[in-house]
Amino acid sequence: MFQALLASALLASGDAVALRAFSSSKQEALSTEAFTVPLHAAVGESYSAVSKRNVRSQHRQISLLETSEGSMMGMEAWSRMRAEAQRVHALQYFGEVSIGTPPQTFKVIFDTGSGHLMVPSVKCDSAACAVHKRFQANQSKTSMPIAWADEPTTAATDENDRDTMVVNFAMGDAVGQYMRDQVCLGQKDHRFCAVADFVEMTEESDNPFKIAKWDGIVGLGQSVSDAAEFNIFGVLASNSTPAMKMPVFAVYLGRNVEDEAEISFGGVRADRMAEALTWVPVYEEGYWQFQIEDVTVDGKSLGLCKKYGKRQCQGVLDTGSSLMMGPESDLSMMLKALTFEKDTQMDCKKDQKFPSLGFTVGGKHFEMEPDDYIDRTSEGHTDGLESCWAHLMPVRDTGRGPIFVLGMPFLRAFYTVYDIKEKRIGLAKANHQASKNTTKSVLVETPLVAVRPDVEASNSTSNVTKGVNATPANATK
């Protein structure tokens, strides 16, 4: 209470320096209260589901249930957009999650654009499941099968009388059933654990799963799960062991594929930030969506957000999108201002300079340098010339109105924090000079591993945006 009153007093007095110092000291305290998981980068096919439905057993009323994602945002339009971006530039980051007692560990994508934990089941005999770790319910003392998505804490009494979840991906599909068990995020002795619901996949197509370097997906969407019990982070934030001091997770991505990347649970790492956090509220529940007041190029306003009135521009932070996307008319104006006159790809000179790209959020300007949103390669060119790619992709209506999806290019430039209880988002310029050996006490950190798409696989997909259907051979974004 005292901290809140002090912050209010500083704000009312207009003492911005004191307020920033107060915020910085509070963030330093938070940095010792979270666990961090390293992330690893990988390549692969698109994993974004383009549709999902729950098929009721014939022993109950037969119906196709719309998911909360579908009713909230036009899930199919949103997911097809994400899937296309993943096919175009399918860089993925994965870490680890453990399920069951004793714990079974899985490599997973942490995805802020979806709402469920999904892992292969030992009951799956698909070729794609066979090459991955599979969840063995009979080896966990705490597992419980769930019959119906709308009864997420009731045990199934008949194995043949349960919901079957069918998920359609851009390049394939999967079928699963609901389970309930202990889920832990973190590493070894530094983990947050709680009982939550998830999906065990009983069938998987070869694409996108067979060649994936990860086993499953952890959905970290703000409120897009079938029920609260499926919202893994929401459950942990409310009822974890040990208790989570702050109901937040934070994402840090290195500038290059080989650089450190991580997701932290229960707090933030001040050493990953080059400045104090700027907090903004979630504008519309469902995804991590917020207002963007202005878009700039080299500090000059493009005037894009005025036409949307009080709603202004809308942005969504999405760890599952390897590009930045936006309304076609807005992206066209942005690309021209960034000197990409006709497309997202063009020939450029080695010494050619590009302007900065900025977004005004919460009254603060967040500016991306050219290297944050552009890839370059000299392969296939004579001396002095290169191919330049802007990591921007125009999209049509998502079903939620005009939205800018700020994927990995933005997330590499800025440290992002997601507060599930206060329904707010924190942004700060990322500090890419942070020490790897910073000591944390109860900071749960998940290292992330990055993987990059096979160029032939990327080129083999059809109907991708012209000019960005291949990844530069020497790209580091």
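Residues numbered from 1 in each chain as written. Predicted model: local features only at pLDDT ≥ 70, side-chain atom pairs only at ≥ 80, totals over all residues. Heavy atoms only, no water.

Topic: the overall build of the protein
Where we set the bar: Under the scheme used here, helices are H or I runs from DSSP no shorter than 4 residues and strands are E runs no shorter than 2 residues, and both carry numbers assigned from the N terminus. Throughout this description, buried means an accessible area under 20% of the type-specific maximum (1.4 Å probe, protein chains only), exposed means over 50%, and partly exposed covers the range between. Residues are treated as being in contact if the distance between any of their heavy atoms lies within 4.5 Å.
Scanning the protein from terminus to terminus reveals 11 helices and 29 strands. Across the 477 residues of the protein, 57% fall into the buried class. Relative to all contacts within the protein whose residues are 6 or more apart in sequence, the contacts with residues 24 or more apart total 75%.

Observations concerning helix H8 (residues 328-337)
So the rule is basically this: This arc corresponds to the set of directions leading from the helix axis out to the C-beta atoms.
Those residues of H8 that fall on the buried side of the exposure criterion are Asp-330, Leu-331, Met-334 and Leu-335. Down the axis of H8, the smallest arc covering the buried residues is 130°, so these residues share one side. Buried positions along H8 lie against strand E16 (294-297), strand E19 (324-327), strand E21 (357-361), strand E24 (385-390), strand E25 (392-395) and strand E26 (404-406). Note on H8: the residue one or two positions beyond its end, Thr-339, has a positive phi of about 75°.

Observations concerning the state of the cysteines
Threshold: Count a disulfide wherever a pair of cysteine sulfur atoms falls within 2.5 Å.
Within this structure, the stated rule accounts for four disulfides. Covalent S-S linkage joins Cys-305 and Cys-313, the inter-sulfur distance amounting to 2.1 Å. Taking the sign of the S-S torsion, about -105° here, the bridge from Cys-305 to Cys-313 comes out left-handed. For the pair shown, Cys-305 and Cys-313 are each scored as buried. A sulfur-sulfur distance of 1.9 Å marks the disulfide that ties Cys-348 to Cys-388. Handedness here is read from the sign of the S-S torsion; for Cys-348 and Cys-388, about 60°, the answer is right-handed. Highlighted residues: Cys-348 in strand E20 (residues 345-349) and Cys-388 in strand E24, separated in sequence by 40 residues. Its relative accessible area of 0% is what places Cys-388 among the buried residues. Numbered by order of appearance in the sequence, the disulfide-linked cysteines of the protein pair as 1-2, 3-4, 5-6, 7-8.

Some points on the environment of Lys-350
Along the polypeptide, Lys-350 turns up in the loop between E20 and E21. Distance from Lys-350 to Cys-388, taken between C-alpha atoms, is 9.6 Å for residues 38 residues apart in sequence. Look past the residues within four positions of Lys-350 in its chain and what remains in contact with it is Arg-376, Ser-378, Gly-384, Leu-385 and Glu-386.

Thoughts on the nonpolar core
Soluble globular proteins tend to bury their nonpolar side chains together. Put simply, the rule reads: In plain words, nonpolar cores are sets of buried Ala, Val, Leu, Ile, Met, Phe, Trp, Tyr and Cys residues tied together by side-chain atoms within 4.5 Å.
The biggest cluster of nonpolar side chains holds 79 residues, and the ones touching the most others in it are Phe-110, Ile-263, Phe-265 and Ile-292. It is helix H7 (residues 232-239) that contributes the most residues to this core, five residues altogether. The residues touching Ile-292, leaving out its near neighbours within four places in the chain, are Cys-305, Gln-312, Cys-313, Gln-314, Gly-315, Phe-359, Thr-360, Val-361, Phe-404 and Leu-406. Grouped together as the second largest cluster of nonpolar side chains are 19 residues, Ala-128, Ile-146, Met-201 and Phe-230 included.

Focus on the confidence of the model for the protein
The criterion, for reference: Scored from 0 to 100, pLDDT reflects the predictor's confidence in each residue.
Counting all residues, the mean pLDDT for the protein is 79, and 74% of those residues have values of 70 or more. Below pLDDT 50 for its whole length, residues 57-75 participates in 53 contacts with residues either more than four positions away or in separate chains. In this model residues 435-441 is a low-confidence stretch, pLDDT under 50, and it forms 12 contacts with partners more than four residues away in sequence or in other chains.

A short note on the packing of aromatic side chains
We apply this condition: Here a pair means two rings of Phe, Tyr or Trp (six-membered ring of Trp) with centres within 6.5 Å. Their orientation is stacked below 30 degrees between planes, edge-to-face above 60, and tilted elsewhere. The rule is short: NZ of Lys or CZ of Arg within 6 Å of the ring centre and within 35 degrees of the ring normal puts a charge over the ring.
According to the stated counting rule, one finds 15 aromatic pairs in the structure shown. Where Phe-340 meets Phe-354, the ring centres are 5.4 Å apart and the plane angle is 20°; that geometry is what we call stacked. Of this pair, Phe-340 sits in the loop between H8 and E20 while Phe-354 sits in the loop between E20 and E21, and the two are 14 residues apart along the sequence. Residue classification places Phe-340 among the buried positions, given a relative accessible area of 1%. The lysine or arginine in question, Lys-364, covers the ring of Phe-366, its NZ or CZ lying 5.8 Å from the ring centre.

Considerations on H7
An α-helix turns once per 3.6 residues; consequently, residues spaced three or four apart project the same way. In terms of burial, H7 is a largely internal element, six of the eight residues being buried. Of the residues making up H7, those classed as buried are Ile-232, Phe-233, Gly-234, Val-235, Leu-236 and Ala-237.

Observations concerning unusual backbone geometry
The omega angle of the peptide bond from Asn-207 to Pro-208 is 5°, so this bond is cis rather than trans. Cis peptide bonds are those with omega within 30 degrees of zero, and the linkage from Thr-241 to Pro-242 qualifies with -5°. Residue position: Pro-242 is located in the loop between H7 and strand E12 (248-253). Here Asp-298, not a glycine, exhibits a phi torsion of approximately 55°, which is positive. Looking at where Asp-298 falls in the secondary structure, it is placed in the loop between E16 and strand E17 (300-301). Phi at Lys-423 is positive, roughly 55°, even though this residue is not glycine. In this structure, Lys-423 sits in the loop between strand E27 (414-419) and strand E28 (424-429). For Lys-423, a relative accessible area of 35% corresponds to the partly exposed category.

Details of the pairing of strand E22 (residues 364-368)
Definition in use: When DSSP finds two or more bridges between two strands, those strands count as paired.
Of the strand pairs in this sheet, E21 and E22 are connected by five bridges, and their pairing is antiparallel. Residue pairing for E22: Leu-357 is matched across the bridge by Met-368. In sequence, E21 turns back onto E22 through a hairpin of two residues, with Gly-362 there showing a positive phi of about 60°.

Concerning the sheet that holds E22
The strand order across the open sheet formed by four strands is E17-E16-E21-E22, and the pairing between neighbours is antiparallel. This sheet does not close on itself; its edge strands, each paired only once, are E17 and E22.

Regarding the side chain of Thr-278
In this fold, Thr-278 is placed in strand E14 (residues 278-281). Those residues in contact with Thr-278, other than ones at most four positions away along the chain, are Val-361, Gly-362, Lys-364, Phe-366, Ile-425, Gly-426 and Leu-427.

Thoughts on the sheet that holds strand E23 (residues 374-377)
Picture the strands of a sheet paired through backbone hydrogen bonds; they go either parallel or antiparallel. Note the following rule: As a rule, the C-alpha atoms of each element are fitted with a line to give its axis, helices using only the stretch in contact, and angles between N-to-C directions run from 0 to 180 degrees.
If you walk across this open sheet you meet the three strands as E20-E24-E23, and the pairing is antiparallel. The open sheet has two edge strands with one neighbour each: E20 and E23. Strand-to-strand, the axes of this sheet are offset by a mean angle of 30°, without reference to chain direction. Pairing analysis gives five bridges linking E20 to E24, with the strands arranged antiparallel. In the strand pairing of E24, Cys-348 is matched with Glu-386.

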